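For reference, the chains in residue letters:
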Amino acid sequence: MKIGCCVNFLPKEADDPGVCYAKTIKDAGYDYIELPIGQINLLSEDKFVQLQKELDETGIPVYACNNFFVPELKLVGEKVEQAKIRAFYTSALNRAQLLGCKYVVFGSPWSKSRPDGFPYEQAFAQLIQLCRELGDAAGERGITIALEPNNRMETNMLNTFSDVVAMAKAANHPNIRCLQDYYHLKIEHDTVDSLLEYGNEFLVHSHFAKLEGRGFPKDWTEDEYYPIYFKALKTIGYKGGVSMEGLPVSRDSFAKEAKTACAFLRKAAR
């Protein structure tokens, strides 16, 4: 398995999507950086070129991107602006391709949440159609979309791995696959049963953080479910990425926390 680090939760300046952490992440031992493509998509062309230059100088690959759609862009409901959605994902996927990204995570919990009173089945159907479009657009760029389950405190759509597998099956597209996030799994009191059942076919990416404070893990003693989760990944023959996606205690402590978490995740994945 590849071990990476997301930057979307890390403390940073408003105009920096997190590239300021690239060298620290590389020095901590990670294989790749995972960037928030929705925020990168909002950058001017000049700032995007500068971002590419900084990444090239650091030499750490962008294996995956997350934060696909910004919260303001609503994907389900009565008032869905299809033209804006298509323009946004086309631009975002273009930039993800330029960054060398292989997987784009489609979690976007607030964007995919259905309005009060809006039928679940109708929202599900809207997301199926969107996934088919995304699959076509991503496939043209050599990218796979990884559907992420988000816990029910963040969204009222797609909360478990079995939920995103159902979505991927319904979309029936080779470039639509699934992600499992350990933190969301724990919040939802979910198990690895669906991962063991469907993961061999559908799992292409994983996020990880400890349940307490969505923080950086240190060792096995923190959570008795850690070894069960990694055993499940190994059982299905998973060889993809496991991205640390959490909140450090502080910006100053990030380097140390990141290094400790990387060492733990690499050991757990062996």
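Brief notes about the overall build of the protein chain
Looking only at helices and strands, the protein chain features 11 helices and eight strands. The C-alpha atoms of the protein chain give a radius of gyration of 18 Å, which matches the 18 Å a tight globule of 270 residues would have. Seen through its principal axes, the protein chain has C-alpha atoms that stretch 45 × 45 × 30 Å. Of all 270 residues assigned to the protein chain, the portion counted as buried reaches 57%. Taking as baseline every contact in the protein chain between residues at least 6 positions apart, the subset at least 24 positions apart corresponds to 82%.

Examining the side chain of E133
When you line up the elements, E133 lands in helix α6 (residues 120–139). The residues contacting E133, other than those within four sequence positions of it, are R86 and Y89.

Regarding the sheet that holds strand β6 (residues 176–181)
Taken in spatial order, the eight strands of this closed barrel run β1-β2-β3-β4-β5-β6-β7-β8, and their pairing is parallel. The mean inter-strand angle of the sheet, taken between neighbouring strand axes irrespective of direction, is 30°. Bridge analysis of strand β1 (residues 2–6) against strand β2 (residues 32–36) gives three bridges, and the strand direction is parallel. Counterpart to C6 in the pairing with β2 is E34.

A word on the environment of Q52
Within the secondary structure, Q52 sits in helix α3 (residues 45–58). Along the backbone, Q52 and R95 are 43 residues apart, and their C-alpha atoms lie at a distance of 9.9 Å. Excluding residues within four positions of it along the chain, Q52 makes contact with L98 and L99.

Re the nonpolar core
If you look at the biggest cluster of nonpolar residues, it comprises 89 residues, and the most contacted ones within it are Y30, L35, F68, F69, V104, F106 and I145. It is α6 that contributes the most residues to this core, nine residues altogether. Excluding residues that lie within four positions of it along the chain, I145 makes contacts with F68, L93, V104, F106, L134, A138, N175, I176 and R177. Within the second largest apolar cluster, eight residues are counted, among which are Y32, A64, Y103 and V204.

Some points on the environment of S243
One can find S243 in strand β8 (residues 241–244). For S243, a relative accessible area of 0% corresponds to the buried category. If we ignore the near neighbours within four places in the chain, the residues touching S243 are G4, C6, Y32, E34, H205, S206, H207 and F208. A polar atom in the side chain of S243 sits 2.6 Å from the side chain of E34.

A closer look at the environment of I85
Within the secondary structure, I85 sits in helix α4 (residues 82–98). When the C-alpha positions of I85 and L233 are compared, they lie 34 Å apart, and in sequence the two are 148 residues distant. Ignoring anything within four residues of it in the chain, the contact list for I85 reads F69, L73, K74, L75, V80 and L130.

Observations concerning the side chain of S194
Inspection of the secondary structure assignment puts S194 in helix α9 (residues 193–202). Accessibility expressed as a relative area gives 11% for S194, which makes it buried. In contact with S194, other than residues within four places in its own chain, are F161, S162 and G199.

Examining the pattern of salt bridges
Close approach of charged atoms allows side chains with opposite charge to pair. Inspection of the entire model under this criterion finds 13 salt bridges. Put simply, E154 and R214 hold a salt bridge, and the shortest N to O gap is 3.3 Å. One end of the pair, E154, is in the loop between β5 (144–147) and α7 (161–171); the other, R214, is in the loop between β7 (203–208) and α10 (226–235), with 60 residues separating them in the sequence. In this structure E154 comes out as buried when scored by relative accessible area, which is 16%. Assessed through its relative accessible area of 9%, R214 is described here as buried.

Basis of the calculations
- Residues numbered from 1 in each chain as written.
- Predicted model: local features only at pLDDT ≥ 70, side-chain atom pairs only at ≥ 80, totals over all residues.
- Heavy atoms only, no water.
- Helix = DSSP H or I, 4+ residues; strand = E, 2+ residues; numbered from the N terminus.
- Rg over C-alpha atoms; globule rule 2.2 N^0.38 Å.
- Buried < 20%, exposed > 50% of the residue type's maximum accessible area, 1.4 Å probe, protein only.
- Contact = heavy atoms within 4.5 Å.
- Pairing = 2+ DSSP bridges.
- Axes fitted to C-alpha atoms, helices over the stretch in contact; angles between N-to-C directions.
- Core = buried A, V, L, I, M, F, W, Y, C linked by side-chain atoms within 4.5 Å.
- Polar contact = N/O pair within 3.5 Å; in protein donor to acceptor, adjacent residues only side chain to side chain.
- Salt bridge = Lys/Arg side-chain N within 4 Å of Asp/Glu carboxyl O.

Functional significance is not addressed by these values, which are geometric in nature.
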